[in-house]
Amino acid sequence: MTTVADALVERLSAWGVRRIYGYPGDGINGVIGALSRAQDAIEFVEPRHEEAGAFMACGHAKFTGEVGVCLATSGPGAVHLVNGLYDAKADHQPVVAIVGQKPRTALGADFQQEVDLVALFKDVAHEYVQMVSSPAQMRHVVDRAFRIALARRSPTCIVLPQDVQEEKAAAPAHEHGTAHSGVGYSAPRVLPADADLQRAADILNAGKRVAMLIGAGAAGAAEEVMAVADTLGAGVAKALLGKPVLPDDLPFVTGGIGFLGTRPSYELMQGCDTLLMIGSGFPYAEFLPEEGAARGVQIDIDARMLSLRYPMEAALVGDSAQTLRALMPLLRRKEDRSFRAEVERSVADWWDTLARRADLPGKPINPQRVFLELSPRLPDQALLACDTGTTVHWYSRELRMRAGMRAAHSGNLASMGAAIPYAIAAKFAHSHLPALCFVGDGAMQMSGINELITVAYYWKQWQDPRFIVLVMNNRDLNMVTWEQRILAGDAKFERSQDVPDFPYAQYARSLGLGGVRLDDPAAIGDALDEALAATRPFVLEVICDPEIPPLPPRVSLAQARNYLMAIAKGDPNAVRMVRATIRQLFA
Ligand SMILES: Cc1ncc(C[n+]2csc(CCOP(=O)(O)OP(=O)(O)O)c2C)c(N)n1
Ligand SMILES: [Mg+2]
């Protein structure tokens, strides 16, 4: 007998699904059984925690552009998926979650593990969440979950009661009250109207100092962004998720923006008369021009994101590459290149500043130095994943991204614990390429050490075995410690901020992986070389200094005042913190 679950697996294959990140339980056993009967039609990859499975599905979407699929059982398994699905929602990624549910006969009976899953997923999968209550309904629920995930770039969710999974599959009858759906999705060409393109071009042509800001939505438009930037004599800042879109070695690329951004990006935004924003939802207004200081043009595939961070004069719905291509013939080349020259000077200076900051001593290691030394060693086409913490500061600023590299980060949700699952998904999708992830010790202890078990279990399937985890061990939830100091004016609260020590490298070795603990600044280069040459996944544990401040591009008066208050309130590490801050500021 073909069960509903068997038919589901067939339908998933028809949608091109080749891999599911899932974790079993009796609520989803019907589907697990069907996957096993379908043999290798769909690969089943099992993380150690459902949240990691959802991050992996999201990572698959981020590294491939395809739908990522995760699966969990009813009750606790489903609950565990939620954070990873919010990551997909916040960063606009297509993910389908398939979750089991108690049998229909038990629903509403306070049954064991009974959670109202449609209600639970109603916000995160608000574009589409549906319970399959009858065999003939399954087909269109699957078709809609996939099509809507792709069209709305969001997570969607299919809830499957246990008894429905085991029932005989049924096609919808040709009668009233049935749905007759099909498979497949083709992305449209999305272009603004001609008059709107002209309006945008007029604004850009009138500007004398044009700043561009690109985000993840500019992926696939690198050539077009460079051509437009050249024509307009513009500088280009990159929101964090836009970091891989353009290489960092272009002289007019000012790098990141925001708290973890660069001084050239800050100056670019404060000094421009025209802002062209492409595929970005970068949220912090204080790093954009003040309202009225610049004329704004924005391009985004999603109208919901338009004129949201800055009031735009021309807010165009369009695909980045197509729209920029259509805009190009309407733009006049700026003959006065002085603004561009100003930007390039500021960028060159900034790289020198970063090099000097990275050269300063740390106790024992200055984390900036590690990223500085890593950049030229990064293999071509490396797959990068960065966790949430101060690591993302160094990744955003110091790491020099080159063309051909791909990267993922939990940008808008900014969740800890995403980087290792992302990198695992990247390896399953592109197993011939090396992957590197950057993770704080807090994030390692939250979930990373568990997912290293997943790495140890699967890595032999990967064509290129290189999977490097750079653990930044500072025994501190450092990013939040600095936020307490600089944003709240509080001293470090050791009881909430200290992270217990853990032997990450030794633990990796106990799993059969490579592992080195690095506490000598003179050995950074050799340790990186060893990790990059390893023939198995490798944990490079860097003992680094929590007192090196992740400085914002410009220290405001309020931040300076808070910093002093933190000291006045008796910050436990005040002396070292002040010394390191002064050195960094004046480097
Ligand atoms: C799931 C989750 N919990 C809490 C936070 C708040 N938070 C942001 S960064 C951070 C500290 C991270 O510490 P660690 O991983 O050690 O990195 P570090 O900042 O020390 O480099 C915390 C607690 C978060 N972003 N995500
Ligand atoms: Mg830490």
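Definitions and limits used
- Residue positions are given per chain, counting from 1 as you read along its sequence in written order.
- Each chain gets a letter, beginning with A, and each ligand a number, beginning with 1, in the order they are written.
- Two thresholds apply to this predicted model, a pLDDT of at least 70 for residue-level local features and 80 or more for giving and counting side-chain atom pairs, whereas whole-chain, interface and lining totals are computed over all residues.
- Side-chain calculation: all heavy atoms of the structure are included, whereas hydrogens and water are not.
- Pairing of aromatic rings covers Phe, Tyr and the six-membered ring of Trp, with a centre-to-centre limit of 6.5 Å; geometry is then stacked below 30 degrees between planes, edge-to-face above 60, and tilted otherwise.
- For every residue, the accessible area obtained with a 1.4 Å probe (protein chains only) is divided by the maximum for its type, and the residue is called buried under 20%, exposed over 50%, and partly exposed between those limits.
- For helices, the fitted line uses only the C-alpha atoms of the stretch in contact; every axis is such a line through C-alpha atoms, and the angle between N-to-C directions lies from 0 to 180 degrees.
- Helix and strand labels come from DSSP, where a helix needs a run of H or I of at least four residues and a strand needs a run of E of at least two; each type is numbered from the N terminus.
- Just so you know how the angles are binned, under 35 degrees is roughly parallel, over 145 roughly antiparallel, 65 to 115 roughly perpendicular, and the rest oblique.
- Handedness of a crossing is defined here by the sense of rotation of the near helix relative to the far one, left-handed for an anticlockwise turn of less than a right angle and right-handed for a clockwise turn.
- The contact criterion used throughout is that any non-hydrogen atoms of two residues lie within 4.5 Å.
- As a rule, N, O and S atoms within 2.8 Å of a metal are its donors, except that Na, K and Ca use 3.2 Å; water is not among the atoms, so sites may look incomplete.
- Between Lys or Arg on one side and Asp or Glu on the other, a salt bridge is scored when a side-chain nitrogen of the former is within 4 Å of a carboxyl oxygen of the latter.
- Note on definitions. A residue lies near a molecule or strand when any single heavy atom of the residue is within 4 Å of it.
- The definition of a polar contact used here is a pair of N or O atoms within 3.5 Å, where within protein one atom must be able to donate a hydrogen and the other to accept one, and adjacent residues in sequence count solely through side-chain atom pairs.
- For every accessible area listed, the method is Shrake-Rupley and the probe measures 1.4 Å; residues are considered covered only by the protein chains on display.
- Each residue is assigned to one of three groups, with Ala, Val, Leu, Ile, Met, Phe, Trp, Tyr, Cys and Pro labelled nonpolar, Asp, Glu, Lys and Arg labelled charged, and all others, Gly among them, labelled polar.

K.L.:
Hey, could you run me through the packing of aromatic side chains in this one?
P.N.:
Centre distance and the angle of the planes are the two values used to describe a pair of aromatic rings. A complete count under the given rule lists 16 aromatic pairs for this structure. Seen from their ring centres, W462 and F467 are 5.6 Å apart, and the 25 degrees between their planes marks the pair as stacked. You'll find W462 and F467 in the same group, each marked buried. Three or more aromatic residues link up through ring pairs in this structure, and these residues are Y21, F428, Y457, Y458, W462 and F467.

K.L.:
Sorry, what's going on with the packing of helix α3 (residues 50–64) against helix α15 (residues 419–429) here?
P.N.:
Angle between the axes and distance between the axes are the two parameters that describe a pair of packed helices. Two numbers describe how α3 lies on α15: the axes approach to 7 Å, and their chain directions differ by 55 degrees. Classified by the angle between their axes, α3 and α15 sit oblique to one another. Crossing angle aside, the handedness with which α3 passes α15 is right-handed. In this structure, α3 contributes A52, F55, M56, C58, G59, H60, K62, F63 and T64 to the contact, and α15 contributes P421, Y422, I424, A425, A426 and A429.

K.L.:
How do you make sense of the coordination of the magnesium ion (ligand 2) when you look at a structure like this?
P.N.:
When four donors bind a metal tetrahedrally, each ideal donor-metal-donor angle is 109.5 degrees, and when six bind octahedrally, the ideal angles are 90 or 180 degrees. Every protein donor of the magnesium ion (ligand 2) is listed here as D441 (OD), N474 (OD1) and D476 (O), and their distances to the metal cover 2.0 to 2.1 Å. One chain supplies every donor for the magnesium ion (ligand 2), spaced along it as D-x32-N-x1-D. Remark: D476 occurs in the loop between β16 (467–473) and α17 (478–486) and D441 occurs in helix α16 (residues 441–458); sequence separation between them is 35 residues. The class for D476 is buried, based on a relative accessible area of 3%.

K.L.:
Whenever I open this one, the pattern of salt bridges confuses me. Can you help?
P.N.:
Where charged atoms of side chains with opposite charge meet at close range, the side chains can pair. Scanning the model with the defined rule gives 37 salt bridges in all. Salt-bridge contacts for K238 lead to D248; the nearest nitrogen and oxygen are separated by 2.9 Å. Taken together, the residues span a long stretch of sequence, with K238 in strand β8 (residues 235–238) and D248 in the loop between β8 and β9 (253–256) at a distance of 10 residues. Judged by relative accessible area, which is 4%, D248 ranks as buried. Between R517 and E541 there is a salt bridge, with its nearest N and O atoms 3.9 Å apart. With a gap of 24 residues between them, R517 in strand β17 (residues 514–518) and E541 in strand β18 (residues 538–543) connect regions that are remote in the sequence. E541 gets classed as buried once you look at its relative accessible area, which sits at 2%. If you follow the salt bridges from partner to partner, you end up with E127, R152, R153, D302 and R304 in one network.

K.L.:
What should I look at first to understand the site of ligand 1 in this one?
P.N.:
Around ligand 1, 18 residues are found, and the nearest of them are T390, D441, G442, D476 and M479. Side-chain polar atom of N474 to an oxygen atom of ligand 1: 3.1 Å apart, as the coordinates give it. Between an oxygen atom of ligand 1 and a main-chain N or O atom of N478, the distance comes to 2.9 Å. Isolated, ligand 1 exposes 590 Å² of accessible area, and the fraction of that covered by the protein chains is 79%. Here the shell around ligand 1 takes 4 residues from α16, the largest share from any one element. Of the residues in the shell around ligand 1, the class split is 7 nonpolar, 9 polar and 2 charged.

Take it as geometry only, folks, not as evidence of what the structure does.
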